[in-house]
Amino acid sequence: MTIRVVVADDQELVRSGFAMILDAQEDIEVVAEAGDGAAAVDAVARLAPDVALLDIRMPVLDGIEACRKISAGSACRTVMLTTFDSDEYVYEALHAGASGFLLKDVRRDDLVHAVRVVAAGDSLLAPSVARRLIEEYTAVTGVARAVLPADRLAVLTARERETLLHLGRGLSNAEIAAALVVSEHTVKSHVGNVLAKLGLRGRIQAVICAYETGLITAGTPSGE
């Protein structure tokens with residue numbers, strides 16, 4: 001199956017470079033390029049791609065708003081292009097429904113791998129990276145306080161709540177299986193139930209939910 005991609009960045013060289021790399025793959029087709037967020041949203045609506053690469057900072061409509069519109073109006077998964085070390089909008093992009101992040105200086109092989117991973121329905125970031133990203137960002141911004149009612153988690157069983165706790169700490173399925181003394185297949189079922197019951201799009205949003213409900217706070221030791 002061919003993975004259909006929209007690439008959106010206001011820097012033409014970056015945009016065309018990414019498109020060229022992706023189009024060279026047998027299983028990937030770039031169906032459109034866009035120079036701003038509004039054009040990206042329009043392209044996704046018209047062409048129904050599998051993945052949209054969105055620069056966070058774009059004219060007309062920024063990447064975060066574009067991500068929010070795309071996530072709300074389609075099944076297309078979004079990956080944000082960012083300079084994470086200096087970008088203050090990472091948390092907002094995650095909350096808008098982004099499936100992950102790519103640094104603009106990403107290596108060719110990592111770009112291709114990321115598109116394939118996201119198209120398959122997985123998070124772009126390894127769980128441990130997702131945890132570090134959230135902890136690092138929330139430690140600076142102070143948004144790690146509980147901003148959602150803790151009773152939102154009441155729909156979860158005790159084992160599903162444990163699973164969310166481990167997701168929030170950045171554990172992989174194998175690590176969660178070891179911690180809960182169950183099989184990885186059982187963990188996958190728990191993760192799927194957590195996402196479905198809480199209306200979350202993926203593991204990254206599960207990490208956010210663990211923080212926003214106060215289940216975990218930034219800086220909490222992973223062994224607690």
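Just above sits the structure.
A brief report on the enclosed structure follows. Worth saying up front: this structure is predicted, and the values here are computed from it rather than measured. (Residues numbered from 1 in each chain as written. Predicted model: local features only at pLDDT ≥ 70, side-chain atom pairs only at ≥ 80, totals over all residues. Heavy atoms only, no water.)

**Side note on the packing of helix α7 (residues 158-168) against helix α10 (residues 203-212)**
Part 1 of the argument: Axis separation between α7 and α10 bottoms out at 8 Å; the angle between their running directions is 100°. The angle between the axes of α7 and α10 places the two elements in the roughly perpendicular class. Touching Leu164, Leu167 and Gly168 of α7 are Arg203, Ala206, Val207, Ala210 and Tyr211, all from α10.
Part 2 of the argument: Grouping the amino acids of the contact of α7 with α10 by side-chain chemistry returns six nonpolar, one polar and one charged. (Axes fitted to C-alpha atoms, helices over the stretch in contact; angles between N-to-C directions. Helix = DSSP H or I, 4+ residues; strand = E, 2+ residues; numbered from the N terminus. Parallel < 35°, antiparallel > 145°, perpendicular 65-115°, else oblique. Contact = heavy atoms within 4.5 Å. Nonpolar A, V, L, I, M, F, W, Y, C, P; charged D, E, K, R; others polar.)

**Some words on the packing of helix α8 (residues 173-180) against helix α9 (residues 184-198)**
Part 1 of the argument: Two elements in contact, α8 and α9, have axes whose closest approach is 9 Å; the angle formed by their N-to-C orientations is 105°. On the basis of their axis angle, the class for α8 and α9 is roughly perpendicular. For the pair α8 and α9, the contacting residues are Asn173, Ala174, Ile176 and Ala177 in the first and Glu184, Val187, Lys188 and Val191 in the second.
Part 2 of the argument: Looking at the contact of α8 with α9 residue by residue, the class counts come to five nonpolar, one polar and two charged.

**Describing the pattern of salt bridges**
Part 1 of the argument: Under the counting rule described, the total for this entry stands at nine salt bridges.
Part 2 of the argument: For Asp55, the salt bridge identified is with Lys104, shortest N-O distance 3.2 Å. Residue Asp55 is found in strand β3 (residues 51-55), and its partner Lys104 is found in the loop between β5 (100-103) and α5 (108-119); the two are separated by 49 residues along the sequence.
Part 3 of the argument: The shortest N-O distance in the salt bridge between Glu160 and Lys197 comes to 2.8 Å. Of this pair, Glu160 sits in helix α7 while Lys197 is found in helix α9, placing the two residues 37 residues apart along the sequence.
Part 4 of the argument: Assessed through its relative accessible area of 4%, Glu160 is described here as buried.
Part 5 of the argument: The exposure class of Lys197 is partly exposed, given its relative accessible area of 39%. (Salt bridge = Lys/Arg side-chain N within 4 Å of Asp/Glu carboxyl O. Buried < 20%, exposed > 50% of the residue type's maximum accessible area, 1.4 Å probe, protein only.)

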